[in-house]
Amino acid sequence: MHLLSAPAAPHSSPSLWPPTPKRAYRAISPAAEQGAKRRRTLESESERSEPRAEDVKPRPGPSPAPAGAEATNGTTATASTKHHIPERQKALLLHAPKSRYVLEDGFAVPKIKDDNELLVRVEYIGLNPIDWKAPDFNFGIPSLPYLAGRDIVGTVVRAPTSDSRVKVGDVVLTASTDYRDPRKAAYQHYAIASSFNVARLPSSPSPATAGLGVAFVAAALALGVCLGCDFSGTGAKGAPGPNLPTVLRALDPEVIPADVRAECLSGRTDAERPKKGDWLAIWGGSSASAKMLAQLARLLGLRVIKVVDVGKHGAALSWTKHADLLVDSHDPARAVAIIRRVTGEELRFGVDTAGKETAGWLGKCLGEGGHLVGLAGLPMKEEGGVRQHVVPIKVHHECREVGEGLMVWLEGLLRGGLVTPPEAEVVHEGLGGVNGALDRMRRGEVSGRRLVVKVE
Ligand SMILES: NC(=O)c1ccc[n+]([C@@H]2O[C@H](COP(=O)([O-])OP(=O)(O)OC[C@H]3O[C@@H](n4cnc5c(N)ncnc54)[C@H](OP(=O)(O)O)[C@@H]3O)[C@@H](O)[C@H]2O)c1
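Quick notes on the rules
- Residues numbered from 1 in each chain as written.
- Predicted model: local features only at pLDDT ≥ 70, side-chain atom pairs only at ≥ 80, totals over all residues.
- Heavy atoms only, no water.
- UniProt positions renumbered as here; feature names shortened; annotations may be inferred.
- pLDDT = per-residue confidence, 0-100.
- Contact = heavy atoms within 4.5 Å.
- Phe/Tyr/Trp six-rings, centres within 6.5 Å; stacked < 30°, edge-to-face > 60°.
- Lys NZ or Arg CZ within 6 Å of the ring centre and 35° of its normal.
- Near = heavy atom within 4 Å.
- Polar contact = N/O pair within 3.5 Å; in protein donor to acceptor, adjacent residues only side chain to side chain.
- Areas by Shrake-Rupley, 256 points an atom, 1.4 Å probe, with all protein chains shown as cover.
- Helix = DSSP H or I, 4+ residues; strand = E, 2+ residues; numbered from the N terminus.
- Nonpolar A, V, L, I, M, F, W, Y, C, P; charged D, E, K, R; others polar.
- Domains from an automatic or database assignment.
- Axes fitted to C-alpha atoms, helices over the stretch in contact; angles between N-to-C directions.
- Parallel < 35°, antiparallel > 145°, perpendicular 65-115°, else oblique.
- Left-handed = near helix turned anticlockwise from the far one by under 90°.
- Buried < 20%, exposed > 50% of the residue type's maximum accessible area, 1.4 Å probe, protein only.
- Pairing = 2+ DSSP bridges.

For the chain, the name recorded in an unreviewed UniProt entry is GroES-like protein, with Trichodelitschia bisporula as its organism. According to UniProt, the comment filed for the chain under the heading Subunit (unreviewed entry) is "Monomer."

Here's what the structure looks like:
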């Protein structure tokens, strides 16, 4: 079955799917009926503005694979279904900081460079805050014109030549943390990925899975590297999580990029690692990263406190696997006092996903010997004996063993319904809809969910 078929819950893992499909697949228009009408209009507009390449037809039906290649659905493809990969494609390019992305045709389809790499036909793109922050604040743009976009769900159309768990026809998600390599960016119809950075999905996954890749990797590295959690007791049968401190120590240190080596190898001692029953406080608890952090932490047996705007997010986050305690963020000093009281002044672990200022407040919740991870900034200096950590995101794509461990684990977590993707709103406007969707994120209109762009 193909991604473009109507979303339907997988038979094996219903909890993989957001519980209220109407909300999960909301069209931009608020009223459901209007939404469906608009979706049809947008889909036909998108077909007009971005005509499907002749070579990728027909869309419905099994994903094409070369003769003899076995797809995940167990069918064996024949020569007649072989996928023709075009030389040129459409892509969204950034030509200057503080400008908008421009949709261009005739952009070269990226080429595979090593035997670990594969080519994915991009079908859904998950939008991340970095996609609008990088051009607006002029950072994370290594060269111009720049190709952005980090989260992809699509179909593998060329497999790695090395021995790999990934085959042509597999539907995969890829968390493209390697922003320096435009070949791996999401804002194009075909993208390269390293096999160890993709997770295989059911053949007709929820579009919401396009919103979880980078958030999952950031959460897993925050817990597994910065705090040293051992994931090996978690995961689906046959796909245990990695013990990242052990994985990293087994590597030649030179393989670990120099700027993150200390964080990876000596960020804390083994004795300091979180134990079952310990508290973890997450400030900025409504973000996609926080949702992945909370789910992984609870699989580890940690107790999770989330600091959020309870008025906005309380209904969605209460009585779920996302938190043991919600604390309102409006009065940060009071939030600190509550957390210190609830944890008996013994909180040792905190992750902030909101920014430098809130990371500072979270630091005040932690006692001497505490560990504070900042995804979106940290105070200028360490205070009160609290150690600061920055997520070494690049080990996902620089260290094969780390990426592979995370992705195999993620496959099992999704298959077993052990983690749920953040709720998503699907934008049915193709690549041409990305600028408008990013504008909504800039204006702060997207709250508690991911925007996922359907590419056609
Ligand atoms: N260092 C890394 O490797 C790494 C990796 C992943 C993410 N990050 C960073 O971590 C942060 C969270 O990422 P995410 O993808 O998890 O975020 P997200 O899902 O997009 O959520 C961010 C939250 O920020 C608030 N928000 C939305 N629009 C905003 C705006 N225009 N200005 C200020 N706040 C806004 C919303 O909360 P409310 O509705 O409560 O306002 C939203 O739930 C981002 O800064 C991201 O760049 C870093």
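Alright, that's what it looks like, and here's the rest.
Trainee: Sorry if this is basic, but what is going on with the confidence of the model for the chain here?
Mentor: In low-pLDDT segments, the atomic positions of the prediction should not be examined closely. Within the chain, residue pLDDT values average 84, and 82% of them lie at 70 or more. Confidence over residues 1–80 falls short of pLDDT 50; this stretch has 146 contacts with residues more than four positions distant or in other chains.

Trainee: Help me out: how do you make sense of the packing of aromatic side chains in this one?
Mentor: Evaluated as defined, the whole model comprises four aromatic pairs. Geometrically, the ring pair formed by W132 and F137 is tilted, given 6.3 Å between the ring centres and 55° between the ring planes. Taken together, F216, F231 and W409 form an aromatic cluster joined through their ring pairs. Positioned above the aromatic ring of W361 is the side chain of K364, whose terminal nitrogen or guanidinium carbon lies 5.9 Å from the ring centre.

Trainee: What exactly am I supposed to notice about the site of the ligand here?
Mentor: Of all residues adjacent to the ligand, which total 22 residues, the nearest are A288, S289, H313, S447 and R450. Contacts to the ligand include K312, whose side-chain N or O atom sits 3.1 Å from an oxygen atom. Here S447 contributes a side-chain N or O atom positioned 2.3 Å from an oxygen atom of the ligand. In isolation the ligand has 930 Å² of accessible area, and contact with the protein removes 72% of it. Of all elements in the fold, only α3 (130–137), α4 (213–226), α7 (288–299), α8 (310–317) and α13 (434–442) reach the threshold of two or more residues within the shell around the ligand. When the residues that make up the shell around the ligand are grouped by side-chain class, the tally is 10 nonpolar, eight polar and four charged. There are two domains that each give the shell around the ligand at least three residues, and those are domain 1 (14–67 + 87–212 + 421–454) and domain 2 (217–394).

Trainee: Got a minute to help me understand the packing of α4 against α7 in this structure?
Mentor: Packed helix pairs are specified by the crossing angle of their axes together with the interaxial distance, meaning the distance between the axes. One can describe the packing of α4 onto α7 by two numbers: an axis separation of 8 Å at closest approach and a directional angle of 50°. Our classification of the angle between α4 and α7 gives oblique. As for how α4 packs across α7, the hand of that crossing is right-handed. Residues A215, F216, A219, A220, A222 and L223 of α4 pack against A288, S289, M292, L293, L296 and A297 of α7. Among the residues making up the contact of α4 with α7, the classes are represented as 11 nonpolar, one polar and no charged.

Trainee: When you look at the packing of α4 against helix α12 (residues 400–415) in this model, what are you seeing that I'm missing?
Mentor: Where α4 contacts α12, the two axes come as close as 11 Å, and the packing angle between them is 115°. Judged by the inter-axis angle, α4 sits roughly perpendicular to α12. As α4 runs across α12, the sense of the crossing is right-handed. Every residue of α12 that contacts α4 at F216, V217, A220 and L221 is listed here: V402, L406, M407, W409, L410 and L413. Residues that form the contact of α4 with α12 fall into these classes: 10 nonpolar, no polar and no charged.

Trainee: Where do I start with the side chain of S206 in this structure?
Mentor: Relative to the assigned elements, S206 resides in the loop between β7 (198–200) and α4. Take S206: its relative accessible area is 1%, and that puts it in the buried class.

Trainee: Quick question: what am I supposed to make of the sheet that holds strand β12 (residues 325–328) here?
Mentor: Across a sheet, strands are paired by hydrogen bonds formed along the backbone, either parallel or antiparallel in direction. Taken together, six strands build an open sheet; the order of strands is β12-β11-β10-β13-β14-β15 and the sheet is parallel. Edge strands, defined here as strands with exactly one partner in the open sheet, are β12 and β15 (387–390). Here the average twist between neighbouring strands, direction ignored, is 20°. Two elements, strand β10 (residues 279–283) and strand β13 (residues 349–352), share four bridges in a ladder whose sense is parallel. Directly across from L280, in β13, lies its bridge partner F349. Strands β11 (303–308) and β12 of the sheet are contacted by α8, whose axis makes an angle of about 170° with β12. Its contacts with the sheet put helix α9 (residues 332–342) on β10, β11 and β12, and the angle it makes with β12 is roughly 155°.

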